[in-house]
Amino acid sequence: MENVSERKSPEFDRLAFTVLAIEASAQKMGISPREMRRRLDKVGLIKSLIQDCYDTLHTESREAVANDVVEALKNWEREE
């Protein structure tokens, strides 16, 4: 039987972190994860913040990540 840790890869870790960041941010804003993903996607923050800054962000607490994502989203949406 294959061990779960043997199946994990850097891509899996990044994907899991992206899901966590979207869910935590959605919860902070009181919206659904689907709506949060749509809004983040619209301004390009899934790639430019959550994925591209993974090395830094994944060392922060869930709450800190949610705060960073929500703040960035509000700022980027204001710029549109």
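Above this text is the structure in question.
Basis of the calculations
All chains use their own residue numbering, which begins from 1 and follows the written sequence. Given that the model is predicted, a residue must reach a pLDDT of at least 70 before its local features are reported, and side-chain atom pairs must reach 80 or more before they are shown or counted; all residues, however, enter totals for whole chains, interfaces and linings. Side-chain measures here rest on the full set of heavy atoms in the structure, leaving out hydrogens and waters. Put simply, two rings from Phe, Tyr or Trp (the six-membered ring, in Trp's case) pair if the centres are within 6.5 Å, and we call them stacked under 30 degrees between planes, edge-to-face over 60, tilted for the rest. Secondary structure is summarised from DSSP: a helix means a run of H or I of at least four residues, a strand means a run of E of at least two, and numbering begins at the N terminus for each. Per-residue accessibility, obtained with a 1.4 Å probe over protein chains only, is compared with the maximum for each type, and a residue is labelled buried under 20%, exposed over 50%, and partly exposed between these values. We define the nonpolar core as a collection of buried residues of types Ala, Val, Leu, Ile, Met, Phe, Trp, Tyr and Cys that are connected through side-chain atoms lying within 4.5 Å of one another. Take the number of residues in a helix, subtract one, and multiply by 1.5 Å to get its expected span. A contact between two residues is defined here by any heavy atoms of the two lying within 4.5 Å. By salt bridge we mean one thing: a side-chain nitrogen of Lys or Arg within 4 Å of a carboxyl oxygen of Asp or Glu. Comment: axis = line fitted to C-alpha atoms, over the contacting stretch for helices; angle = value between 0 and 180 degrees taken between N-to-C directions. Any angle that is under 35 degrees is reported as roughly parallel, and any over 145 degrees as roughly antiparallel; angles of 65 to 115 degrees are reported as roughly perpendicular and all others as oblique. Side-chain classes are defined by residue name, with Ala, Val, Leu, Ile, Met, Phe, Trp, Tyr, Cys and Pro counting as nonpolar, Asp, Glu, Lys and Arg as charged, and the others, Gly among them, as polar.

Visitor: I'd love a proper account of the packing of aromatic side chains, names of residues and values included.
Guide: For the structure shown, the criterion picks out one aromatic pair. Note on Phe17 and Tyr54: the rings are 5.4 Å apart at their centroids and 75° apart in plane angle, and the pair reads as edge-to-face. Within this pair, whereas Phe17 is found in helix α2 (residues 10–29), its partner Tyr54 is found in helix α5 (residues 54–57), the two being separated by 37 residues in sequence. By the burial criterion, Phe17 is buried, and Tyr54 matches it.

Visitor: Summarise the nonpolar core; cite the residues concerned and give the values.
Guide: Counting 17 residues, the largest nonpolar core has Leu40, Leu45 and Ile50 as the members making the most contacts within it. For this core, the elements supplying multiple residues, two or more each, are α2, α3 (33–43), α4 (45–51), α5 and α6 (62–79).

Visitor: Could you give an account of α6, with specific residues and numbers?
Guide: Residues separated by three or four positions in an α-helix point in the same direction, a consequence of the helix having 3.6 residues per turn. Over its 18 residues, α6 runs 26 Å from end to end, which matches the ideal 26 Å to within 8%, given 1.5 Å per residue. What α6 keeps buried is the set Val65, Ala66, Val69, Val70, Ala72 and Leu73. On its buried side, α6 packs onto α2, α3, α4 and α5.

Visitor: Tell me about the pattern of salt bridges, and name the residues and values.
Guide: Per the stated rule, a full pass over the model turns up five salt bridges. A salt bridge links Arg14 to Asp55, with the nearest nitrogen and oxygen atoms 3.6 Å apart. Of the two residues, Arg14 sits in helix α2 while Asp55 sits in helix α5, which places them 41 residues apart along the sequence. Given the relative accessible area of 33%, Arg14 is considered partly exposed.

Visitor: Run through the packing of α2 against α6, naming residues and quoting values.
Guide: The geometry of α2 relative to α6 is characterised by a closest axis approach of 8 Å and an angle of 70° between their N-to-C directions. Of the possible angle classes, the one that applies to α2 and α6 is roughly perpendicular. On α6, the residues touching Phe17, Leu20, Ala21, Glu23, Ala24, Ser25, Gln27, Lys28 and Met29 of α2 are Arg62, Val65, Ala66, Asn67, Val69, Val70, Leu73 and Lys74. Of the residues assigned to the contact of α2 with α6, the class counts are ten nonpolar, three polar and four charged.

Visitor: Help me get a handle on the side chain of Thr18, residues and values and all.
Guide: As for its placement among the helices and strands, Thr18 is situated in helix α2. If we skip the residues at most four places from it in the chain, Thr18 touches Ile46, Ile50 and Gln51.

Visitor: Explain α2 residue by residue, including any values.
Guide: In this model, α2 (20 residues) spans 28 Å end to end at C-alpha, consistent with the 28 Å of a helix rising 1.5 Å per residue. Looking at α2, one finds that the buried residues are Phe17, Thr18, Ala21, Ile22, Ala24, Ser25 and Ala26. Close packing links the buried residues of α2 with α3, α4, α5 and α6. Looking one or two residues past α2, Gly30 carries a phi angle of roughly 70°, positive in sign.

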